[in-house]
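An overview of the molecular structure
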Amino acid sequence: MDYKSMEVEKNVVENYKEEEMEKEETIISKKKQLGGIKTMPFILANEVCDRFAGVGFHANMITYLTQVLNLPLVKASNTLTNFGGTSSFTPLIGALIADSYAGRFWTIIIGSIIYELGMISITISAIMPQLRPPPCPTQQNCVEASHLQLWVLYVCLLLTSIGAGGLRPCVVTFAADQFDLKKSKHDQSQSWNFYNWYYFCMGVATLAALTIVVYIQDNVSWGLGLGLPTIAMALSIVAFVLGSSLYRKVKPGGSPLIRLAQVIVASVKKRNVVVTDPALLYQNRELDAIISSDGRLLHTNQFRWLDRAAVVVDGDDINGSSNKPNLWRVATVHRVEELKCIFRMLPVWAAGILLITSHSHLGSFTILQARSMDRHISHNFQIPPASLSIFTVLTVLMGLPLYERIFLPFARRFTGNPAGITCLQRMGIGFAINIIATIVSALVEIKRKAVAAQHGLIDQPTTVIPISVFWLVPQYCLHGAAEVFMAVGHLEFLIDQSPESMRSTAAALNSLTTSFGNYLGTLMVSVVHNYTGNEHNWLPDRNLNKGKLDYYYWLVTGVQVLNLIYYMICVWFYKYKPLEELTESIKETDVELANNKNSSSTAN
């Protein structure tokens, strides 16, 4: 081959390399153009409409069941709690589908459509008189809804529960995907973080639903009161689809449960292997590229028995032609640490279950308390019982900016932490405030019953007791203050401390807390109702004045105190996940590895 031919071949190779580099740069630049703040109007519009629809649908449902379908108190409350538990369990399935196969974008769309079908169904059932029992204004000798009428209700609630499985774990994590949420010191000290922003928008939507929709349901008609949330849900789907070309859509990285199972199986197979040097454990940046774009998890000394899964022994074939070993025999350090993250999170996550159990029925009981009290704001207007939740929402809306502007700067002076306090400390404060809120609930119920006895109204459940409904406001405000700390801190903890490829699954854990808590709450209320006698039952079917709801609140307080002690023990032993510090060169390398991996899988 002569010199000119070599020069031509060299130029061809160099041109090919330049073209490939330009293609890679184009891919990277396109990815950088997607996502960001410009997607927020569409995502938040979707979530605001969804929250407006969900709150408008569920907030006053206890009234619909007891006043329209004529169900007894405990049966109605347990019905809502059971379907609330189902709605909080299905997100685990939706999250696994999103993280493994469908991706968050399509999971949100399909979940929204199913949810909309459920809302259309129950709106139609509220309009058609054949699907309701005869009215019972005296609440005595009422004809309950028939089995057919109840089954129509159950199917509608089941559809919304399935739809919630696609929405709840994916919307907030899909929004988080649009940003680089890896926190630097500067990010931690910024005046407004993503989670507070998200909760603020949700609070505005909730406030609108509690004032507008609940008033229509109580004073106009249930058909229109349920129709408005149905329309809002349809608008949320339209808003989300309109922004589809702008979204950064993270591809699913395979089933996270299978990866966790592979680590467990590999560690069991190597149960007799001794880990001598953690530095020799198996690493494979290319294999982990698609599930570690924010940085790989670093080795920790907790749960060291799992490290055996990353020890390379004869037969593991880590140098095969596919550069992909048998993952049921050997796992990378990153994959081992994913499982360690979940193990570390579970005890803290479990503390939220008893918290939900403690107040799973409080919303229903408080609405019935409010219905028996003087609700007049003026001579001609009285506040709907379910609208009292606006005081919780207003507390959240005011509490979030106060938390950022006043509490955090004050906390930084004492902790030296740019974030003020950790998400675990934030959750602990929320637990404590919830205990105070329940104590106040018990004291207010004692006051309400004392006034009823004073005026001889114990045996008159439909007569208004001359005590202002605003006695209930302090407990609503305290629950709102607890939510500023507990709810935001819990969501931030689950998403921030979970492996990035399992963010939807982590958000589903938040819903799973609600699911287990609601089911346990149903069990606790049923046990209290069944074993506290007939004459002096704590939770009677029709006449709350004859009950001992304050005793139930004291029981709830005791459960929460024990739960707070358990939580503090969990926090004492918790270790935050260590994450690789990303530089621009590492980021570009991982993007290239991920693209190569996707290209090779497509070619195969």
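Described below are features of the structure shown in this document. Residue positions within a chain follow its written sequence, with the count starting from 1. Since the coordinates come from a predicted model, pLDDT governs what is reported: local features require at least 70, and pairs of side-chain atoms require 80 or more to be given and counted, while whole-chain, interface and lining totals use all residues. To obtain the side-chain values, all non-hydrogen atoms of the structure were included, while hydrogens and water were left out.

1. Comments concerning the overall build of the protein
Put simply, DSSP marks the helices as runs of H or I at least four residues long and the strands as runs of E at least two long, and each gets a number from the N terminus on. Regarding its fold elements, the protein presents 20 helices and two strands. Counting only residues that meet the buried cut, the protein has 52% of its 604 residues in that class. Contacts: residue pairs with any heavy atoms within 4.5 Å of one another. Restricting the contact set of the protein to residue pairs at least 6 apart, pairs at least 24 apart contribute 84%. When the accessible surface of the protein is summed, it comes to about 27500 Å², and 63% of that surface belongs to carbon and sulfur atoms. Think of it in three bands: with a 1.4 Å probe and only protein chains considered, a residue is buried below 20% of the maximum accessible area for its type, exposed above 50%, and partly exposed in between. Computed with a 1.4 Å probe, the accessible areas rest on the Shrake-Rupley method; for each residue, only the protein chains presented here act as cover.

2. With respect to the nonpolar core
In terms of nonpolar packing, the biggest core is built from 86 residues, with Met61, Tyr64, Leu65, Leu388 and Leu472 touching the most fellow members. Throughout, nonpolar core names a set of buried Ala, Val, Leu, Ile, Met, Phe, Trp, Tyr and Cys residues whose side chains join them through atoms within 4.5 Å. One finds Leu424, Phe493, Leu564 and Tyr567 within the second-largest nonpolar core, a separate group that totals 21 residues.

3. Section: the side chain of Ser498
Tracing the chain through its elements places Ser498 in the loop between helix H17 (473-497) and helix H18 (503-531). The class of Ser498 is buried, set by a relative accessible area of 1%. From its side chain, Ser498 meets the backbone oxygen of Leu494 in a polar contact 3.0 Å long. Once residues lying within four places of it in the same chain are set aside, the contact partners of Ser498 are Met345, Phe493, Arg503, Ala506 and Lys577. By the criterion applied in these results, polar contacts are pairs of N or O atoms within 3.5 Å in which, for protein atoms, one can donate a hydrogen and the other can accept it, and in which residues neighboring in sequence qualify only through two side-chain atoms.

4. Quick notes on the packing of aromatic side chains
Here the aromatic set is Phe, Tyr and Trp, taking the six-membered ring for Trp, and pairing holds for ring centres within 6.5 Å; pairs whose planes are under 30 degrees apart are stacked, those over 60 apart are edge-to-face, and all others are tilted. Under the defined criterion, the tally for this structure stands at 24 aromatic pairs. The interplanar angle of 85° and the centroid separation of 5.7 Å between the aromatic rings of Phe365 and Tyr552 together place this pair among those described as edge-to-face. Of the two residues, Phe365 sits in helix H14 (residues 362-371) while Tyr552 sits in helix H19 (residues 549-573), which places them 187 residues apart along the sequence. Assigned by exposure class, Phe365 and Tyr552 land together as buried. Centroid distance Phe391 to Phe470: 6.2 Å. Interplanar angle 85°. Geometry classified as edge-to-face. Taken together, the residues Phe391 in helix H15 (residues 390-415) and Phe470 in the loop between strand S2 (465-468) and H17 connect sequence positions 79 residues apart. In this structure an aromatic cluster arises from ring pairing among Phe105, Trp106, Phe174, Phe240 and Tyr247.

5. Things to note about unusual backbone geometry
In this structure, Asn70 is a non-glycine residue whose phi angle is positive, near 60°. Mapped onto the fold, Asn70 is located in the loop between helix H3 (61-68) and helix H4 (73-102). Residue Asn70 is classed as buried on the basis of its relative accessible area of 0%. Positive phi values are uncommon outside glycine, yet Phe303 reaches one of about 50°. One can find Phe303 in the loop between helix H12 (285-288) and helix H13 (333-359). With a relative accessible area of 28%, Phe303 lands in the partly exposed category.

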